[in-house]
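# Structural characterization, general
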Amino acid sequence: MSDVALDFRVLGPTEVTADGLPVPLGGSRPLIVLAGLLLRANKVVPVEELGRWLWPDDRRRSKGALQTYILRVRRALGDEVTIRTERGGYLLELDESLLDLARFRALAAAGAEAAAEGDLRRAADRFAAALSEWRGPALQNVHSEALLRDEADQLGEERLRVREQWADTLIALGDHATVVPELTRLCRENPLRERLHEQLMIALYRSGRQAEALAVYRGIGAVLAEELGLDPGTSLQRAHQAILTGEEAVETTLDSELTRYRLGAEPLIPRQLPADLRVFSGRQRDLKALHELVPEALDTERSTSIASIEGMGGIGKTTLAVHFAHEVGERFPGGQVYLNLRGYGPGDPVEPATALETMLASVGVPADRIPAGVDGRAATWRTYSAGRRMLILLDNAASTEQIRPLLPGPGCLVLVTSRWQLQALVATHGARRVALEELPDEDATALVASTIGLDRVIEDPEATERFVRYCGGLPLAIRILAVRAAQFPDLSLREFVRLLEAEQDRLGSFDLADGDETNIRAVFSYSYRSLDERAARMLRLLGLPTGGDFSVPVAAAVAGVDIAEAHADLAKLASAHLIARSRPGRYQFHDLIRAYAAELSAKVDGPEVRTGVLDRLLHASLSSALNASRLLRPERHYRLIEPERFAGAGLKFGHYDQALDWFDEECGNLIAAVNVAYRERRHRECWQLAWLLQSFFIVRARLEDWRSVFDVALRAAREAGDRPGEAAMLSGLGVACGVARQYEDSVAYLKQVVELQRLVGDREGEARGLYNLTLASRNVESAQIAWEYGTQALRFIREHNVGAGMEADALQALGDICTGDGRYGQALDLVDQALALRAHALPDEARFAFHTKGIALVGLGRNDEGVDCMRRAVEMFFTHGELYEAADVLAQLGAIHLRLGDPSSARECWLRSVRVLTELSHPDADDVRTKLASLISGQS
């Protein structure tokens, strides 16, 4: 029997199993011997006692027969178990984990220990595990009256005591649905056992079954009188009296202090959740995250599951928490505790000591047993809550410090709602953060429909979308406006939204004049008041000029502080959910919070502060944009910006890609700054910032932004009477229209540029205007006129020593005109002159020249050389980030490949081109797509 798993059982039929199979012992008398040895495992059992269990008649006792039975047992058990012969008796050596009786007693002792420590759920689990060792009456198949009399009845009493302890813990935990049926059965089996009847009375009463509890008392009273001529005991009578009179508490005779049950008006099982919403929509992802915590909360014996539901005021934290708590409440039989900690709102936050007193009272702890100090109350709360499977909702918390003493013992689920990011609660207690964001459009629409009716929403989806957008997806704002809209059922939603958008006071729209809870300003104000002075100032100032999102350096510039201070202030604002981290190092406002911040600034800071903010923001934007533009387009004439004003200022960039990445991130904010500068009549900063943005617009082919920004900046320059600025803006619009293939508009703008530059006597500016006019006019006017513009530009450039780069550009433009006329030899000569002028420049600066040279070489029949030049130009454009130019040359290359009989290469070029043009939303994408379609249909 080596390496087999043995199990010894006496709690039920006595038997030994090996690997789950019964071990035969060879008769009833060896079974009696084994049972006696197992009951005294690891102790000497006297020969006389074994003999008495085997033979009730003293005259029949035989030491020889006993030795035979011992030998049979030894043989049956094999070498795995030792039965030693000791002086006067026998000893069975056994690992107690192999014996069900030993396991039962160890688990029962562990349950009692857990109960003494206040860990009720662990105690109940240990008692249940102990009782599961029983398979029926002890020694059920042992035929020895003496052994049964000596041991079985005592074991039965042990079992019954553990059953009573198990019932104690479940009653204290409030798990009446489990304990009442079991106690009912035990009372039938033990009709004179007063303690069981007392437990059943209390469990029934606590379940709201008072009449049945009183019937139990009458029943045992009658049995005691009939059978024993006795009245019920003192403890049973006291429980009966308390149930009759509804006294608040009753002392029972049960073993543990846990059994001081509260029977009166204040229930031991709290049901304190606020009412759920009639209609709840959305938040499925957040609900899923919360539901994932439930199994962990129910299974754990060592820790408490915590969810920290966070977000800005009005985002719906409490609504979500209450809805979820109602969904899972029945899985927490210990009850549901709700406490508003008033971290944000009227009045002072609830102190931990006060909160603990309230919660202890809610679970039935008498006032005279609640300690005076916070530490004592916290310890008592953990003791009473441990293992009770309670759900605790701590609403509107101010900080982790306020929450920490209120955390219960293991085996509970805690929901915390707060406007503050409780990061310490996550770090030190393993809380799971559930950060709420604005409602998606679909959920927001469902929320509107739940108040104003589905018909009005379906009738005008566009108006519904505007309604939701006006509210910024904020649930509270949606509910407030929906209530307002519901007051006018005959007014179309479109008209209601139109009236809203016409209101001057946007925040005032969100006030039902029925208390602070439905007044957005008041809701936001509680978060604002929690800030220190420096963070509050940062919030106000950021509400003035920033765009969609902003970086730490922008915030530092706006507030006039260093980077470290800006980091600290932004972290506080993000922790208070007054701004959000859109990604590392960048932040953004909710629209309504931004409006609130700007409104505060107007009241608190005054016009001089606003002026200072704009000064700092525009200076930082211009200096950083200048540094980035110089890397993107080093050939531009930056003297127009008066760069000496920004010497040493602004962000620094190590290379081209860094500068382009910065423009990608800040473009929206820079455009916003252009518009702010125009509104504030900061005309020079307006057009200069637009001019610097042109470097980025060219690289990314951002045509719509380019034209809209330059339209604003052109108005600014004209209103200021700034002729150089006006010329610069007209030039930018001319180039933008040229890129967009709107050549007539381009020529019109550029002719105005040339006239303006002549008027002010700026020959270099006139030369640049003529160069741009050369590029645009060849698509509208005759090649001859374009040639005249080009040669005039080249003459001015040379006369006024504008620079080799500009001269090379003019030569290359003339070469383009020649290729268009089929004068490929002349074009090649001009472009080679241009390349010679750029011999010492960076390679990428020759990208346009290589394009023109490629066209000329193909025109001369030098196809391989020409294609190589054009491919080289494509890669230079991509390297330089000029995606439109790369796509344009690829489109031309595709046509050349097709003409040369290589449709596969043509297809490859057009595919690359159309992907880029589609990404840029450029109109040329349709032309290239048409060519691709024709190519594919032709091949098929």
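Procedures and definitions
Residues numbered from 1 in each chain as written. Predicted model: local features only at pLDDT ≥ 70, side-chain atom pairs only at ≥ 80, totals over all residues. Heavy atoms only, no water. UniProt positions renumbered as here; feature names shortened; annotations may be inferred. Helix = DSSP H or I, 4+ residues; strand = E, 2+ residues; numbered from the N terminus. Contact = heavy atoms within 4.5 Å. Areas by Shrake-Rupley, 256 points an atom, 1.4 Å probe, with all protein chains shown as cover. Buried < 20%, exposed > 50% of the residue type's maximum accessible area, 1.4 Å probe, protein only. Pairing = 2+ DSSP bridges. Axes fitted to C-alpha atoms, helices over the stretch in contact; angles between N-to-C directions. 1 Å grid on protein atoms, 1.4 Å probe; cavity = no way out; pocket = protein on both sides within 12 Å on 5 of 7 lines; lining within 4 Å. Points joined across faces, edges and corners; volume = space filled by probe spheres on them. Nonpolar A, V, L, I, M, F, W, Y, C, P; charged D, E, K, R; others polar. Expected span 1.5 Å × (residues − 1). Phe/Tyr/Trp six-rings, centres within 6.5 Å; stacked < 30°, edge-to-face > 60°. Lys NZ or Arg CZ within 6 Å of the ring centre and 35° of its normal. Salt bridge = Lys/Arg side-chain N within 4 Å of Asp/Glu carboxyl O. Parallel < 35°, antiparallel > 145°, perpendicular 65-115°, else oblique. Polar contact = N/O pair within 3.5 Å; in protein donor to acceptor, adjacent residues only side chain to side chain. Left-handed = near helix turned anticlockwise from the far one by under 90°. Patch = residues over 30% accessible without salt bridge, like charges linked within 9 Å, V, L, I, M, F, W, Y side chains within 5 Å. Disulfide = S-S within 2.5 Å.

By the naming in an unreviewed UniProt entry, the protein chain goes by Transcriptional regulator, SARP family protein and is assigned to Amycolatopsis coloradensis. Under the UniProt heading Sequence similarities (unreviewed entry), the note attached to the protein chain is "Belongs to the AfsR/DnrI/RedD regulatory family."

Time to look at the overall build of the protein chain. For the protein chain, the count of helices and strands is 42 helices and 16 strands. Reported as C-alpha extents along the three principal axes, the dimensions of the protein chain are approximately 145 × 70 × 55 Å. Within the protein chain, residue pairs in contact and separated by at least 24 positions form 66% of the contacts whose partners lie at least 6 positions apart. Approximately 40600 Å² of the protein chain is accessible, and the part contributed by carbon and sulfur atoms is 49%.

This part takes up the environment of glycine 721. Here glycine 721 lies in the loop between helix H31 (703-720) and helix H32 (723-739). Residue glycine 721 is classed as exposed on the basis of its relative accessible area, which comes to 55%.

Within a beta sheet, neighbouring strands are joined by backbone hydrogen bonds and run either parallel or antiparallel to one another. Within the open sheet, the 3 strands sit side by side as S1-S2-S3. Their pairing is antiparallel. Two strands lie at the open edges of the sheet, namely strand S1 (6-9) and strand S3 (21-22), each paired on one side alone. Note: strand S2 (residues 15-18) against S3, 2 bridges, orientation antiparallel. Pairing of threonine 17 across the sheet is with proline 22, part of S3.

The subject of this paragraph is the sheet that holds strand S9 (residues 305-310). Spatially, the 5 strands line up as an open sheet ordered S10-S11-S12-S9-S13, and their pairing is parallel. Two strands bound the open sheet, and with one partner strand each, they are strand S10 (336-340) and strand S13 (432-435). Pairwise comparison of adjacent strand axes, ignoring direction, gives a mean angle of 15° for this sheet. As paired elements, S9 and S13 share 4 bridges and run parallel to each other. Residue isoleucine 309 lies in a different strand from S13, and its bridge partner there is valine 434. The sheet strands contacting helix H13 (residues 317-328) are S9, strand S11 (391-397) and strand S12 (413-418), and the helix crosses S12 at an angle near 165°.

As a further point, take the layout of surface pockets. Of the volumes computed, that of the second largest pocket is approximately 1100 Å³. Lining the second largest pocket are 40 residues; nearest its centre among them are Gly314, Thr318, Thr319, Leu476 and Glu517. For the lining of the second largest pocket, the secondary structure elements donating two or more residues are H13, S10, S11, helix H18 (441-452), helix H21 (475-486) and helix H23 (520-529). The class makeup of the residues in the lining of the second largest pocket is 18 nonpolar, 13 polar and 9 charged.

Quick look at helix H36 (residues 804-821) now. If you check H36, its first and last C-alpha atoms are 26 Å apart, about what 18 residues at 1.5 Å a residue would give, namely 26 Å. In terms of burial, H36 is a largely internal element, 14 of the 18 residues being buried. Following H36 by one or two positions, glycine 822 has its phi on the positive side, about 85°.

On to the environment of alanine 625, then. Here alanine 625 lies in helix H28 (residues 606-632). By relative accessible area, which is 1% here, alanine 625 ends up buried. Along the primary structure alanine 625 and threonine 611 are separated by 14 residues, whereas in three dimensions their C-alpha atoms are 21 Å apart. Not counting residues up to four positions away in its chain, the partners in contact with alanine 625 are Trp662, Phe663, Leu689 and Leu692.

Our focus in this paragraph is the packing of aromatic side chains. Inspection of the entire model under this criterion finds 15 aromatic pairs. Centre to centre, the rings of tyrosine 528 and tyrosine 596 are 6.3 Å apart; their planes meet at 85°, and the pair counts as edge-to-face. Taken together, the residues tyrosine 528 in helix H23 and tyrosine 596 in helix H27 (residues 591-604) connect sequence positions 68 residues apart. Aromatic ring contacts, followed pair by pair, group Phe653, Trp662, Phe663, Phe696, Phe697 and Trp706 into a single cluster. Above the plane of the ring of tyrosine 638 lies arginine 630, whose end atom (NZ or CZ) is 5.6 Å from the centre.

Glancing now at the pattern of salt bridges. Within the structure shown, the criterion is met by 72 salt bridges. Across the pair glutamate 465 and arginine 469 runs a salt bridge, and its minimum N-O distance is 3.4 Å. Here arginine 469 and glutamate 465 lie together in helix H20 (residues 461-471), a separation of 4 residues that amounts to about one turn. When the shortest N-O distance is used, the salt bridge between aspartate 809 and arginine 838 registers 2.5 Å. Linking aspartate 809 in helix H36 with arginine 838 in the loop between helix H37 (824-837) and helix H38 (847-859), this pair joins segments that are 29 residues apart in sequence. When sorted by exposure, aspartate 809 lands in the same class as arginine 838, which is buried. A single salt-bridge network, built from bridges that share partners, covers Asp7, Arg9, Glu15, Asp100, Arg103, Glu133 and Arg135.

Our focus in this paragraph is the packing of H23 against H27. With their axes 11 Å apart at the nearest point, H23 and H27 run at an angle of 75° to one another. Between H23 and H27, the angle falls in the class roughly perpendicular. Contacts between H23 and H27 involve Arg521, Phe524, Ser525 and Tyr528 from the first element and Leu592, Ile593, Tyr596, Glu599 and Leu600 from the second.

Every α-helical turn comprises 3.6 residues, leaving residues that sit three or four positions apart pointing alike. For H32, built from 17 residues, the straight-helix expectation of 24 Å at 1.5 Å per residue is met to within 8% by its first-to-last C-alpha distance of 24 Å. Where H32 begins, the capping side chain belongs to aspartate 722, and its oxygen is found 3.0 Å from the backbone nitrogen of glycine 725. After H32 finishes, the residue arginine 741 shows a positive phi value of roughly 65°.

Right, let's get into unusual backbone geometry. With phi around 55°, aspartate 19 is a residue other than glycine that occupies positive phi space. As for its placement among the helices and strands, aspartate 19 is situated in the loop between S2 and S3. In this structure, arginine 741 takes a positive phi of about 65° despite not being glycine. Note on placement: arginine 741 falls in the loop between H32 and helix H33 (743-760).

With their axes 11 Å apart at the nearest point, helix H11 (residues 284-291) and H13 run at an angle of 50° to one another. Here H11 lies oblique to H13, going by the angle between them. Judged by the twist between their axes, the crossing of H11 over H13 is right-handed. Contacts between H11 and H13 involve Asp286, Leu287, Leu290 and His291 from the first element and Leu320, His323, Phe324, Glu327 and Val328 from the second.

Time to look at the pairing of S2. Sheet topology note: the S1/S2 ladder contains 4 bridges and is antiparallel. In the strand pairing of S2, arginine 9 is matched with glutamate 15. Where S2 hands over to S3, the hairpin turn is made up of 2 residues, of which aspartate 19 adopts a positive phi near 55°.

Quick look at a nonpolar patch on the surface now. A surface patch of nonpolar side chains, amounting to about 260 Å² of accessible area, comprises Leu192, Leu228 and Leu230. Relative to the helices and strands, leucine 230 is located in the loop between helix H9 (210-228) and helix H10 (234-245).

Turning our eyes to something else, we now look at the state of the cysteines. Within this structure, the stated rule accounts for 0 disulfides. Free cysteine cysteine 737: the closest other cysteine sulfur is in cysteine 686, separated by 18 Å. The exposure class assigned to cysteine 737 is buried, which follows from its relative accessible area of 4%. Here cysteine 818 stays unpaired: no disulfide links it, and the sulfur of cysteine 869, its closest cysteine neighbor, is 17 Å away.

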